[in-house]
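Here are the chains, one letter per residue:
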Amino acid sequence: MRTRTAYRTGAAVAVALLLGLTGACGGGQGDGGDGGKDGTDDRASTTTGATTGPPERAPAPAAASPRPGPTGIGARDGRVLAQGELDRAVLATGDVSGFEVRPMDPPPARGETADRRACAPLVGLINGTPEPRAKAVAYRQLVGGDGNGGPAVSEFLTAHGVGDARTLLSRLSTAIGSCADGFTARGGDGPSTYTGVRRLDVAKTGDDALAYEVTGDYEGDPVPLVFHLVRVGGTVATFYTANFESGTTPILPAGLLTAQAAKLA
């Protein structure tokens, strides 16, 4: 069991913000820790050189059910959603059974920079600023109830337009293969090492979907960072969770993705 202070050393500040509500002692699973409602926390991703095994299939997503009949915002036509539309379309408490949704502050202006250009799309998502840059963004934290058994999750909903949204997923898909053996990144807290990247199974929803895992490290212990993306028209929903405790792949409930796609459509 590690404390938040332990995760600050040699860490990526952007990851700390994105995982501000994830409990370090719960491995990203369970009640979501005691992060503040404003989305801030003093934990961060840590990285220094563990090895990862060959790619393997992720466990099946844990059960989570969208509420029936969410009203869609009409994003499937490909238009660029305005900030107010994103704020109405992003998941809210009650949309998915067992999850409470809280506000989250945006990431710091300066995040990490990949040492290899091919891995820049992966680092952009770790920073919370996917490329191409969005015209508007809504940041949220989703916390599973005690009986849900799911992880604490960060979401950012980004408005791009169809061309840029497709480019975002395409670049990430290419980077997963190019950076499978790992990469390094540098930021204000110094260098970070990510030791492997692998594609994961993803729920078939929206117009396009992608899931993958980036493995970081803390003093020789693997720290899996899991990303699930769903595109609806020109809008992309990114869900992000991690496991700081056991090193196993955290399971992101498929109900979150399907509910968000429904609210966008």
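Residues numbered from 1 in each chain as written. Predicted model: local features only at pLDDT ≥ 70, side-chain atom pairs only at ≥ 80, totals over all residues. Heavy atoms only, no water.

### Quick look at the overall build of the chain
Summing up its helical and strand segments, the chain has six helices and twelve strands in all. Considering the chain as a whole, with its 265 residues, one finds that 54% of them fall into the buried category. Of all intrachain contacts in the chain linking residues separated by at least 6 positions in sequence, the fraction that spans at least 24 positions is 72%. Only carbon and sulfur atoms are counted for the fraction: they give 50% of the accessible area of the chain, which is about 10,600 Å². (Helix = DSSP H or I, 4+ residues; strand = E, 2+ residues; numbered from the N terminus. Buried < 20%, exposed > 50% of the residue type's maximum accessible area, 1.4 Å probe, protein only. Contact = heavy atoms within 4.5 Å. Areas by Shrake-Rupley, 256 points an atom, 1.4 Å probe, with all protein chains shown as cover.)

### Quick look at the sheet that holds strand S8 (residues 190–194)
In sheet architecture, strand pairing relies on hydrogen bonds along the backbone and comes in two forms, parallel and antiparallel. Read across the open sheet, the three strands follow the order S4-S7-S8; overall the sheet is antiparallel. Of all the strands in the sheet, the pair left with one neighbour each is strand S4 (113–114) and S8. For strand S7 (residues 183–187) and S8, the ladder comprises five bridges, and the chain directions are antiparallel. Each bridged residue has a counterpart across the sheet, and for glycine 187 the counterpart in S8 is glycine 190. Packed onto the sheet, helix H4 (residues 120–127) meets S4, S7 and S8 and runs at close to 50° relative to S7. (Pairing = 2+ DSSP bridges. Axes fitted to C-alpha atoms, helices over the stretch in contact; angles between N-to-C directions.)

### Some words on the environment of serine 246
Tracing the backbone through its elements, the reader meets serine 246 in the loop between strand S12 (235–242) and helix H6 (254–264). Here the alpha-carbon distance between serine 246 and proline 224, two residues 22 residues apart in the chain, equals 9.3 Å. Here the side chain of serine 246 touches asparagine 243 through a polar contact of 2.9 Å, side chain to side chain. Looking at serine 246, its side chain comes within polar contact range of the side chain of threonine 248, at 2.8 Å. (Polar contact = N/O pair within 3.5 Å; in protein donor to acceptor, adjacent residues only side chain to side chain.)

### Things to note about helix H5 (residues 162–178)
End to end, H5 covers 24 Å across 17 residues, agreeing with the expected 24 Å (1.5 Å per residue, within 8%). Taken residue by residue, H5 has Ala165, Leu168, Leu169, Leu172, Ala175 and Ile176 as its buried positions. Buried residues along H5 cover an arc of 125° about the axis, so they all sit on one side. In H5, the exposed positions that point more than 90 degrees away from the buried face belong to Arg166, Thr174 and Gly177. The inward-facing, buried residues of H5 contact H4, strand S9 (196–199), strand S10 (208–218), strand S11 (221–232) and S12. (Expected span 1.5 Å × (residues − 1). Arc of directions from axis to C-beta.)

Purely geometric numbers; function is a separate question.
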